[in-house]
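Observations on the model geometry
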Amino acid sequence: MEQRTLLALMVFSSLIVLAETNDQKHAVEIYSLHMDCKVTSRFAHTVITSRIVNRANESREATFEVELPKTAFITNFSMSIDGEVYPGIIKEKAAAQNEYDSAVSQGQSAGLVKITDRKLEQFHVSVSIAAASKVTFQLSYEELLKRQLGKYELLIKVRPKQLVKHFQIDVHIFEPQGIHFLETDSTFMTNELTEALTKVQNETKAHILFKPTLDQQKKNSELDETLLNGDFVVRYDVKREATAGDIQIVNGYFVHYFAPQEMPVFPKNVIFVIDRSGSMTGRKIEQTRDALLKILQDLRQEDHFSFITFNNKVVEWKSSLLPATEENVASAAALVQTLTARGGTDISGALLAAVGVLEKAEGLPERSISMIILLTDGQPTSGEKNVEVIQEKVQEAINGKYALFCLGFGFDVSYKFLEKMALSNGGIARRIYENADAALQLQGFYQEVATPILMQIEMQYPENSVEGLTKNNFKLFFEGSEIIVSGKISNELDLLPVEIKAQSHTSNLTLKEEANVKEKEQVFQNQKYIFGNFIERLWAYLTIQQLLEEAISAQEEDQKALEAQALDLSLRYSFVTPLTSMVVTKPQQQEELANKPTEADNEKPSSLRAGGVRRGKSGSPAGRWRSELQTGSNRKMFSTALSVSGFRGALRAPTIANEHPQLLLQLPRQTERICLNIDERAQASVHLLSDPEQGLTVTGKLGDGINHFVQFDINYVNPPVEIHVYTHAILVSHSNKNSWLSWTKSTSSTIQGLQVSVEKERSITASLPDTVTVKISLVRFPDDFLGLYFLNTDRFSDKVTGVLGQFYSKTQFESNSNNDQSAVERLLRVSGSEHKVSRLYKKDYRLESASEPVSCWSIELTP
């Protein structure tokens, strides 16, 4: 049988800019449209810029639409109207949704992004522009191209709907491994348009330019109708020489591409589990028959196969797997042609029957790969109907021995159910769209998994020199695909070694490679194809994708921790992911949200999740402490300035007398407390404390829209441990390994003498012998935030520094002739300087203390 060696991965970008017109045709004119795509070592960065002018004598509305790949992350959007820029701001989804709820209740659209195709989602925004005014739209997104059966494909859907004076598509490709082949294609190309296309290519670089004039764009000289309506395609692949793949390094981050070639294919033992319930009647069952007949012809002679069909009854075609001989394939084809649809849907019974056939199979090749391919279009309506029970039973039966691939036909199926079941059992899920090419979709999926050439692949790197490593163990590798691993080089290395262990059809493999770090860094010096630290962004993109995928099949507590890590990276690198939203503000302060939909969202509306972040409970403080605000002493304003670690401090009256302070500290060997607030205009990350003799550093981050800390980072020198504390989870990093801890349960662990303990929904404590103990409280009222304090503070050295740390070194109150306890203001000496502070009442977030507010000497710091 002829082997298929190429299958395109399509990276779509479709640009449509519509203009509403009345009497005057194209009164809102697109005078410039530019798509600039830079592909650097598989990572694609695309910027779409559209410039529009309103030539009418009244206000008109312009609509900007871009179709982009589902796997891409939007990174930036802005509108510029007559010089005024309206940027999109990326926020955590739940927070953005809360801000937007009032607009939704008034009937405004709740989203700018929707799924439009099996591979596409559409970004859509409209804005009213005044007469003679101009607007510039700009959208950026990024994606890591995925290789399937030997080819990358960049597909740009072109639909401007009008002639554009300055129309241009630029595609720049830089592949250090070398470009193996490069080709372009288009569904709308004519002889005249071909003249507008140029391609320049050398060993590692290519530039494709499509820049048609107005005359070249016209369908004919008489009409102002555009030819530009269809697909513009770029296909390419790279050269591969090293058996252990190719390593690329930029600014301390590396990416490793591994795609072996010309290796023997594993025999497959495959069971097709086909839904023939009543909902499959008509076109679906016809397309399924057509696809299966072609898939049968693609089976290799060394493969073994069988069929199980099901409605409310499960029917095994044969009691055992059969070799894919010409006779057996013909017999199976006869069965497929008789498939009819009626009855219910017993998914559980069918899958367990398939596992049973594989369990009792005899005479299979010693080195072979077993898989189950399920095709269904609906919910379980017969047999076991509880999807969680089905997932649990199937996973228990498979027990890691076989791969399960789930295909959901249409939109009545629960894609979330199928996806979790597939990912829990070493496979993937795919939705089959009810289009004319559904049979081709089914065949295409089978071709992706038809040629396994490696199994149990382990990509090994030096543990002490690499951190933040993405997934590096893979169950299966299919011919023509590619394994990608990325991470950060943590130590100064001259050589980065890698060792790959895997099983092929004929033997166990061990492949080794070493990358010269300086030489690899030099490759990307001064390249115009580079957009920022692209490997670092590639690493972040890949990590987020893998965390979100892992979260699908994880238990609830683990799911929250995984989503928390993905959310943190999404915000840090400005990616619109399923956990974040882009808030687009239009003129007159009108806001809209750009959310990233998932395939599961494509079935029915569902409430947005908070990405694992728990929201605080509503409520109000106790009334008697609110009344303290009205006392004369608490309303008093002080103007004394305080210089603290680069901040300029001013003492101010609090807005609420019994609110929580940002920071609460007990001075060493004193009974006095200090409440410290840092103005919300301070930089996002605040250096709070560093003590070189203790080997301890603490930094913090203030929340967005909440004047409290929502993250603390604790770094120890010995042992080398990092603890990142968030309101939704805790990350402990040590020896290139990350462990997520949940606030929802108490736990304790020890790392080389450092004890880290979590008290459920209350606090985390980090303690080391002869070292200051760090404690962080979790506060859920009225908003989620964190409170930091220290125990055994007399252990701080005289070298302790930082916004908070300076108070633990050479700090004392001036003695007052009056009763210090009744004073409302005093002088505080910090590192030799005197500062006037005021006594206020604040809530105490320390768990050891009572819930009643306590008096403290209050200081507010402003940048």
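A short tour of the structure in this document, coming up. (Residues numbered from 1 in each chain as written. Predicted model: local features only at pLDDT ≥ 70, side-chain atom pairs only at ≥ 80, totals over all residues. Heavy atoms only, no water.)

**Here's the deal with the sheet that holds strand 27 (residues 452-460)**
The antiparallel open sheet is built from four strands, whose spatial order is 29-27-31-32. Two strands lie at the open edges of the sheet, namely strand 29 (473-478) and strand 32 (508-516), each paired on one side alone. Going from strand to strand, the sheet's axes swing by 25° on average, the running direction of each strand aside. As defined by bridge partners, strand 27 adjoins strand 29 across five bridges and the pair is classed as antiparallel. Bridge pairing in strand 29 places Leu-454 opposite Phe-477. (Pairing = 2+ DSSP bridges. Helix = DSSP H or I, 4+ residues; strand = E, 2+ residues; numbered from the N terminus. Axes fitted to C-alpha atoms, helices over the stretch in contact; angles between N-to-C directions.)

**Considerations on unusual backbone geometry**
Of note, the amide linkage connecting Asn-718 to Pro-719 takes the cis form, showing an omega dihedral of 5°. Mapped onto the secondary structure, Pro-719 falls in the loop between strand 41 (709-716) and strand 42 (721-726). Positive phi, close to 50°, is recorded for Gln-456, a residue that is not glycine. In this structure, Gln-456 sits in strand 27.

**What about the environment of Val-265?**
Examined against the element boundaries, Val-265 turns out to sit in the loop between strand 19 (253-258) and strand 20 (268-275). Taking the C-alpha atoms as reference points, Val-265 and Arg-300, 35 residues apart in sequence, are found 9.8 Å from one another. Those residues within four positions of Val-265 in sequence are excluded, and the remaining contacts are Arg-300, Ala-450, Thr-451, Pro-452, Ile-453 and His-505. (Contact = heavy atoms within 4.5 Å.)

**Quick word on the packing of helix 6 (residues 347-359) against helix 7 (residues 387-398)**
When two helices pack together, their arrangement is given by the angle between their axes and by how far apart the axes lie. One way to put it is that helix 6 packs onto helix 7 with a least axis distance of 10 Å and a crossing angle of 5°. Our classification of the angle between helix 6 and helix 7 gives roughly parallel. Contact with helix 6, carried on its side by Ser-348, Leu-351, Leu-352 and Val-355, involves Ile-390, Lys-393, Val-394, Ala-397 and Ile-398 of helix 7 and no other residues of that element. Here the contact of helix 6 with helix 7 is composed, by residue class, of seven nonpolar, one polar and one charged. (Parallel < 35°, antiparallel > 145°, perpendicular 65-115°, else oblique. Nonpolar A, V, L, I, M, F, W, Y, C, P; charged D, E, K, R; others polar.)

**Concerning the pattern of salt bridges**
Taken as a whole, this structure holds 29 salt bridges when the rule is applied. Residue Arg-159 is joined to Glu-67 by a salt bridge in which the shortest nitrogen-to-oxygen separation is 2.5 Å. With Arg-159 in the loop between strand 10 (152-158) and strand 11 (166-174) and Glu-67 in strand 4 (residues 60-69), this pair connects stretches of sequence that are 92 residues apart. Residue Arg-240 pairs with Asp-237 through a salt bridge whose shortest N-O separation is 3.1 Å. (Salt bridge = Lys/Arg side-chain N within 4 Å of Asp/Glu carboxyl O.)

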